[in-house]
Amino acid sequence: MPIDDNIIISDEAVIHPGDLHEDFIRSSGPGGQNVNKVATAVQLRFDAASAAGLSERVRARTIKLAGQRATKDGVIVIEAGRFRTQEQNRADARARLTALVAKAAEPPPPPRKKTRPSKGAVERRLKSKAGRGTIKKLRGRVEND
């Protein structure tokens, strides 16, 4: 069942309706006897490997972040069965997919700046090490002259 509009996440990440495919399956969640009769759970498949709206960086990170939800072919499968209605489960599955792609589209953190300890800090550390060594030497066997 195709979805209507593009989901715009960022400049590098847009989910097109053609990349999504929904199947409705029986849910194991709440619903009493209704669970056995009505297919309310949603299995949302997103073909991340061939999605035109994702940049290469976002594509790779999305598949990596999906973990076991991604198949070898790069298709991400999200199952949503928390709610009793198809519509709520569809919205839940789409929201989870959007959150996953949004997390993948975040810019990488700035590179770490190398720092070095101050001269005083190095001297204090070496002085305390020497002090500990002296204390340990004094713990040795006492010899009588």
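From a predicted model like this one, the values you see are computed outputs, not experimental measurements.

### Some points on the pattern of salt bridges
For the coordinates displayed, the defined rule picks out six salt bridges. Where Glu56 meets Arg59, a salt bridge forms, and the shortest distance between an N and an O atom there is 3.2 Å. You can see Glu56 and its partner Arg59 sitting in helix α1 (residues 56-66), three residues apart, about one turn around the helix. For Glu56, a relative accessible area of 58% puts it in the exposed group. As a salt-bridge pair, Asp92 and Arg96 come within 3.3 Å of each other at their nearest N and O atoms. Here the residue Asp92 and the residue Arg96 both occupy positions in helix α2 (residues 86-105), the gap between them amounting to four residues, near one helical turn. What you see here is one network of salt bridges that share partners, running through Glu22, Glu87, Arg90 and Arg94.

### Observations regarding the sheet that holds strand β3 (residues 20-25)
Within a beta sheet, neighbouring strands are joined by backbone hydrogen bonds and run either parallel or antiparallel to one another. Spatially, β3-β4-β5 is the arrangement adopted by the three strands of the open sheet, whose pairing is antiparallel. Each edge of the sheet is formed by a strand with only one pairing partner; in this case those strands are β3 and β5 (75-80). Strand-to-strand twist in this sheet, taken as the mean axis angle between neighbours without regard to direction, amounts to 20 degrees. Sheet analysis places β3 next to strand β4 (residues 41-47), joined by six bridges and oriented antiparallel. Its bridge partner being in β4, His21 is matched across the sheet by Arg45.

### So, the packing of α1 against α2
Packing of α1 against α2 brings their axes to within 8 Å, and their N-to-C directions diverge by 125 degrees. Classified by the angle between their axes, α1 and α2 sit oblique to one another. With respect to the hand of their crossing, α1 and α2 are arranged in right-handed fashion. The residues of α2 that touch α1, namely those facing Arg57, Val58, Arg61, Thr62, Leu65 and Ala66, are Leu100, Val101, Lys103, Ala104 and Ala105.

### Considerations on the nonpolar core
In this structure, Ile15, Phe46, Leu54, Val58, Ile76, Leu97 and Val101 are the most contacted members of the largest nonpolar core, which totals 22 residues. Counting only elements with at least two residues in this core, the list comes to β4, α1, β5 and α2. With six residues, α2 is the largest single contributor of residues to this core. With near-sequence residues (within four places) excluded, Leu54 lies in contact with Glu12, Ala13, Val14, Phe46, Ala48, Arg59 and Val101.

Calculation rules
Residues numbered from 1 in each chain as written. Predicted model: local features only at pLDDT ≥ 70, side-chain atom pairs only at ≥ 80, totals over all residues. Heavy atoms only, no water. Salt bridge = Lys/Arg side-chain N within 4 Å of Asp/Glu carboxyl O. Helix = DSSP H or I, 4+ residues; strand = E, 2+ residues; numbered from the N terminus. Buried < 20%, exposed > 50% of the residue type's maximum accessible area, 1.4 Å probe, protein only. Pairing = 2+ DSSP bridges. Axes fitted to C-alpha atoms, helices over the stretch in contact; angles between N-to-C directions. Parallel < 35°, antiparallel > 145°, perpendicular 65-115°, else oblique. Left-handed = near helix turned anticlockwise from the far one by under 90°. Contact = heavy atoms within 4.5 Å. Core = buried A, V, L, I, M, F, W, Y, C linked by side-chain atoms within 4.5 Å.

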